[in-house]
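Summary of structural features
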Amino acid sequence: MNQPLRLVALETSPPAFSTEAAANMAREIFGVHGTAHPLYGERDQNFRIKTTSGSGIILKILGPNEDPGSVEFQSAALAHIAMMAPTLPVPCVRRTVNSEAYTRITDERGIPHIIRALDFQPGRVMDGVEPSPDLLRHAGGTLARLNLALANFFHPAAGQRIVWDLRRIIDLRPSAGLIEDVETRKLIEAVLDRFIAFLPEMSRLRHQMVHNDLHPGNMLVDEAATQITGLLDFGDMIHAPLVFDVAVTAAETVGDMPPIEYGSEIVAGYNAVMPLQGAEFPALFEAIIARHALAATIHAWRRHNDPAGAEKLGALSALSVPAIEAYLTAGRGAVVAKFRAAAAARPGATNLAERRFHALGRGLELSYAEPVHLVRGEGVFLYAPDGTRYLDAYNNVPSVGHGNRKVAAAIARQMETLCTNTRYLHEGIVEYAERLTATLPDGLDTCLFVNSGSEANDAAYRIAKIVTGKTGAIVMEHAYHGVTDVVAALSPYYGPFVQPQAPFVQTLPSPDTGAAPAEAARRAIAALQESGHGVAMLLIDSAFVSNGIVNVPQGWFAAVAEEVRKAGGLVVGDEVQSGFGRMGDEFWGFAMHGVVPDVVTMGKPMANGHPTGAVVARRELLDAFTSRIDFFSTFGGNPVSAAAALATLDELQTRNLQDNARTTGAKLREEIRGLNHPVIGEVRGSGLMVGVQVTDAATAKGIANAMRRNRVLIGTEGPAGNVLKIRPPLPFGAAHVEIFVEALRASLP
Ligand code: PMP
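Description of the structure in this document. This one's a predicted model, so the numbers in the text were calculated from it and none came from an experiment. (Residues numbered from 1 in each chain as written. Predicted model: local features only at pLDDT ≥ 70, side-chain atom pairs only at ≥ 80, totals over all residues. Heavy atoms only, no water.)

1. Observations concerning the overall build of the protein
Scanning the protein from terminus to terminus reveals 24 helices and 26 strands. Projected onto its principal axes, the C-alpha positions of the protein cover 100 × 60 × 45 Å. In the protein, which comprises 749 residues, the share counted as buried stands at 55%. Considering only intrachain contacts with a sequence separation of at least 6, the fraction spanning at least 24 residues in the protein is 74%. Accessible surface computed for the protein: about 31,000 Å², of which carbon and sulfur atoms make up 52%. Separation between the mean location of the 66 positive side-chain charges and that of the 78 negative ones in the protein comes to 2 Å. (Helix = DSSP H or I, 4+ residues; strand = E, 2+ residues; numbered from the N terminus. Buried < 20%, exposed > 50% of the residue type's maximum accessible area, 1.4 Å probe, protein only. Contact = heavy atoms within 4.5 Å. Areas by Shrake-Rupley, 256 points an atom, 1.4 Å probe, with all protein chains shown as cover. Lys, Arg positive; Asp, Glu negative; His and termini not counted. Charge placed at Lys NZ, Arg CZ, Asp CG, Glu CD.)

2. Quick word on the packing of helix H15 (residues 453-468) against helix H20 (residues 619-628)
Between H15 and H20, whose axes approach to 9 Å, the crossing angle comes to 90°. Judged by the angle between their axes, H15 and H20 are roughly perpendicular. Where H15 abuts H20, its residues Arg462, Ile463, Ile466 and Val467 lie against Leu621, Leu622, Ala624, Phe625 and Arg628. Its residues assigned to classes, the contact of H15 with H20 shows seven nonpolar, no polar and two charged. (Axes fitted to C-alpha atoms, helices over the stretch in contact; angles between N-to-C directions. Parallel < 35°, antiparallel > 145°, perpendicular 65-115°, else oblique. Nonpolar A, V, L, I, M, F, W, Y, C, P; charged D, E, K, R; others polar.)

3. Focus: the side chain of serine 633
Structurally, serine 633 can be placed in the loop between H20 and helix H21 (639-654). Classification of serine 633 by relative accessible area gives buried; the value is 10%. Within the structure, serine 633 has its side chain in polar contact with the side chain of asparagine 451 (distance 3.1 Å). When neighbours within four sequence positions are excluded, serine 633 is seen to be in contact with Phe449, Val450, Asn451 and Glu455. (Polar contact = N/O pair within 3.5 Å; in protein donor to acceptor, adjacent residues only side chain to side chain.)

4. What to know about unusual backbone geometry
Positive phi values are uncommon outside glycine, yet histidine 478 reaches one of about 60°. Structurally, histidine 478 is set in the loop between strand E16 (472-476) and helix H16 (485-489). Taking the relative accessible area as the measure of exposure, histidine 478 reaches 19% and is therefore buried. Look at phenylalanine 544: it is not a glycine, yet its phi comes out positive at around 45°. Structurally, phenylalanine 544 is set in the loop between strand E18 (535-541) and helix H18 (556-566). Look at phenylalanine 544 and you get buried, because its relative accessible area is 1%.

5. With respect to empty space enclosed by the protein
All chains considered together, the criterion is met by two cavities of 30 Å³ or more. Of the voids in this model, the largest cavity is the one considered here, and its volume is about 50 Å³. Contributing to the lining of the largest cavity are Met476, Ala479, Tyr480, His481, Ile540, Asp541, Phe544, Val545, Ser546 and Asn547. Residues belonging to the lining of the largest cavity are distributed by class as follows: six nonpolar, three polar and one charged. (1 Å grid on protein atoms, 1.4 Å probe; cavity = no way out; pocket = protein on both sides within 12 Å on 5 of 7 lines; lining within 4 Å. Points joined across faces, edges and corners; volume = space filled by probe spheres on them.)

6. Observations regarding the packing of aromatic side chains
To describe a pair of aromatic rings, one takes the distance between the centres and the angle between the planes. Taken as a whole, this structure holds 12 aromatic pairs when the rule is applied. With a centroid separation of 5.8 Å and an interplanar angle of 20°, the aromatic rings of tyrosine 461 and phenylalanine 504 are classed as stacked. Of this pair, tyrosine 461 sits in helix H15 while phenylalanine 504 is found in the loop between H16 and strand E17 (505-508), placing the two residues 43 residues apart along the sequence. Overall, the relative accessible area of 17% leaves phenylalanine 504 in the buried class. A ring pair is formed by tyrosine 493 and tyrosine 494, whose centres lie 5.8 Å apart and whose planes are at 75°; its orientation type is edge-to-face. Owing to a relative accessible area of 38%, tyrosine 493 belongs among the partly exposed residues under this scheme. The rings of Tyr480, Tyr493 and Tyr494 are connected pair by pair, giving a single aromatic cluster. Across from the ring centre of phenylalanine 120, 3.6 Å away, lies the NZ or CZ of arginine 48, which sits over that ring. Here the guanidinium or amino end of arginine 389 rests over the ring plane of phenylalanine 381, the centre of that ring lying 3.8 Å away. (Phe/Tyr/Trp six-rings, centres within 6.5 Å; stacked < 30°, edge-to-face > 60°. Lys NZ or Arg CZ within 6 Å of the ring centre and 35° of its normal.)

7. Brief notes about the site of the ligand
Inspection of the region around the ligand gives Ser452, Gly453, Ser454, Asn457, Tyr480, His481, Gly482, Asp574, Val576, Gln577 and Lys604 as its neighbouring residues. At 3.1 Å from an oxygen atom of the ligand is found a main-chain nitrogen or oxygen belonging to glycine 453. Contact distances for the ligand include 2.4 Å between an oxygen atom and a side-chain N or O atom of serine 454. Ranked by residues supplied to the shell around the ligand, first place goes to H15 with three residues. (Near = heavy atom within 4 Å.)

8. Digging into a nonpolar patch on the surface
Residues Tyr480, Val483 and Tyr493 make up a contiguous nonpolar surface patch of roughly 290 Å² in combined accessible area. Looking at the element boundaries, tyrosine 493 is found in the loop between H16 and E17. (Patch = residues over 30% accessible without salt bridge, like charges linked within 9 Å, V, L, I, M, F, W, Y side chains within 5 Å. Salt bridge = Lys/Arg side-chain N within 4 Å of Asp/Glu carboxyl O.)

9. Concerning helix H8 (residues 259-273)
With 15 residues, H8 ought to run about 21 Å at 1.5 Å a step, and its terminal C-alpha atoms sit 22 Å apart, in line with that. Along H8, 12 of the 15 residues are buried, which leaves the element largely enclosed by surrounding structure. Residues of H8 that are buried: Pro259, Ile260, Tyr262, Gly263, Ser264, Glu265, Ile266, Val267, Ala268, Gly269, Tyr270 and Asn271. (Expected span 1.5 Å × (residues − 1).)

10. Structural notes on the sheet that holds strand E14 (residues 389-392)
Strands sit in the order E12-E13-E14-E24 across an open sheet of four strands; the sheet is mixed. Across the chains shown, the open sheet's two edge strands, defined by having one partner strand only, are strand E12 (376-378) and strand E24 (712-713). Taken together, the three bridges between strand E13 (residues 381-383) and E14 define a ladder with antiparallel strand orientation. By the bridge assignment for E14, phenylalanine 381 is matched with leucine 391. (Pairing = 2+ DSSP bridges.)

11. A word on the packing of helix H23 (residues 697-709) against helix H24 (residues 734-747)
If you want to describe how two helices pack, look at the angle between their axes and the distance between the axes. One way to put it is that H23 packs onto H24 with a least axis distance of 9 Å and a crossing angle of 125°. Classified by the angle between their axes, H23 and H24 sit oblique to one another. Relative to H24, H23 is oriented so that their crossing is right-handed. The residues of H24 that touch H23, namely those facing Ile703, Ala706 and Met707, are Phe740, Ala743, Leu744 and Ser747. Looking at the contact of H23 with H24, its residues break down into six nonpolar, one polar and no charged. (Left-handed = near helix turned anticlockwise from the far one by under 90°.)

This is the structure we're talking about:
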């Protein structure tokens with residue numbers, strides 16, 4: 001049904017409250033005491049309320065016909081953007097003293113108006129600034145980031161019928177007759193008609209929520225005018241072709257600079273963040289000239305019906321005719337070629353890998369034959385710039401889910417409040433240490449905070465050396481424990497060609513070789529004693545990940561631990577992989593083996609991606625260490641890390657994610673076995689730490705690459721490289737197992 005368009009913007013002027021009334025309302029409704037200063041608004045009456053401290057608010061009084069649904073829509077959109085892209089500078093809704101997003105007031109004629117407020121965003125409005133190419137590229141990139149943040153947002157009011165929706169040109173078309181100058185009228189009418197004819201093409205393009213009004217009056221810039229520092233006015237948002245947003249900004253930010261050249265900079269900046277699709281280039285041309293024609297039409301209507309309201313639009317529509325002429329003179333083909341060239345010359349998705357090679361060097365390996373470019377994560381899913389969704393069955397760091405809101409909010413809140421270090425008293429880190437040790441066996445009660453698993457292992461080795469007075473270490477063959485110089489020496493994973501075995505290191509054969517554990521341990525101990533190193537520690541990853549997530553006979557680890565303790569060494573459990581509930585049956589991996597280590601190291605999932613690591617040890621061990629060495633890590637255990645780790649632990653515990661790991665992991669292994677495929681051998685592991693043995697390394701790599709093409713991310717592992725490594729974020733559920741197994745079925749040779 002085609003209901004008639006209510007020309008909201010055209011029917012009414014903004015309300016006309018006095019500045020005094022505005023200051024009073026700010027005080028009474030929002031609890032903000034300050035002076036009121038009127039600002040321009042096409043539909044709303046806006047005031048800046050300046051306060052003596054803080055930056056104050058923008059008070060917005062809406063016209064009588066405005067729909068509360070659209071206000072709720074804006075609040076929801078702003079909250080969504082803040083969640084998806086916390087660094088985008090969008091306004092924050094200021095709630096009333098009663099905690100409402102808006103309320104109603106009546107004017108002196110008894111007409112009700114919605115009143116609401118936003119935190120004032122300091123900065124210089126871009127309007128009036130001569131735009132540089134750099135600034136325009138930044139504006140384009142910022143718009144693209146905004147679009148990405150809005151990509152998965154919807155609200156019923158997004159269908160609002162507003163005059164600035166280019167698709168409404170059909171309804172506005174008669175108003176072009178009000179343009180007095182005959183030549184101008186003909187030109188504008190021709191553009192409007194051409195756009196109406198183009199609408200079927202438009203409707204085939206990708207649609208999503210667009211801002212639809214990102215012109216210089218709605219952007220703030222930094223002092224040097226090279227960066228966008230604020231985005232304003234979300235009142236014209238609609239669900240529409242994405243290209244509308246690029247068109248509005250490309251049309252209206254160029255001022256009186258050459259419109260196509262400067263418009264190209266917007267396209268370049270946009271495309272670097274979010275590549276435009278082929279059919280969007282010609283559509284962009286049409287939408288840019290249509291936006292100019294629409295502005296000229298609305299201006300004519302206002303001149304005719306509401307001369308006061310027309311004034312502000314005059315400046316814009318004065319630029320419309322020359323811009324349209326420039327575009328039409330160049331012709332669509334030439335403009336499209338120029339836009340495409342601008343997009344290609346700038347870093348788009350395709351040459352991001354090349355830029356990465358230059359910036360980060362060629363040695364840093366990328367996963368998969370076709371690298372994955374990601375811009376966003378949510379739960380167990382990851383998203384590419386074009387919206388392609390990947391099921392993440394690989395990343396164990398975001399254990400309580402990608403983009404976890406509780407963790408993100410805890411980090412943001414704490415960062416705004418205080419971020420210092422452990423040399424000061426702070427509740428956060430003490431509370432976290434208490435909560436963490438409560439999950440560990442009695443005796444493992446004292447914590448040392450660092451920033452990564454490597455640092456934790458490095459510190460554990462220092463503790464072991466100080467406490468025992470010895471230097472020798474026993475690790476698994478093919479173990480991986482991290483990147484510092486000494487921890488790399490404790491990581492035979494690198495292989496003898498990269499790094500010959502250090503004299504203070506002895507290795508144990510993988511449990512799946514069948515070697516008797518106590519004997520293997522005694523042999524390693526004897527070798528260390530013979531070489532004069534003695535035994536400082538045994539370091540073991542309870543998930544045996546780099547050994548290929550192997551099956552470990554019950555009692556294997558305990559037998560080794562016993563021998564090491566007899567020789568005076570400490571038992572260090574590396575829980576970087578196996579800690580925090582992933583193994584399902586137990587919260588800590590060592591508990592699966594019936595061992596209680598003397599020292600435990602942790603990292604990766606501890607704060608869901610915020611870099612945080614820890615060593616937990618018996619009090620006397622840590623005291624012996626810290627009384628000899630003034631160990632202090634600048635970032636380790638800072639209030640933000642503590643808040644992130646605490647929120648992560650809360651999520652793990654309140655959502656019973658260990659339980660989920662146990663049941664989902666069992667189902668996953670069972671279904672993989674159920675595929676009964678000849679290349680699949682043992683399906684191993686525990687909880688959501690799963691290893692699938694396949695024929696050989698080439699087969700494993702082939703399956704991982706095919707899975708990636710089928711939009712599921714996994715890795716490969718093991719000394720022979722023939723194990724599929726599957727360790728998804730812990731909210732992985734039964735539905736995700738189905739997606740996984742279907743993709744695996746399709747990816748097997
Ligand atoms: N220990 C184990 C068992 C690991 O798997 C890793 C990382 N893969 C580390 C330690 C090192 O942790 P990080 O990379 O955080 O330094």
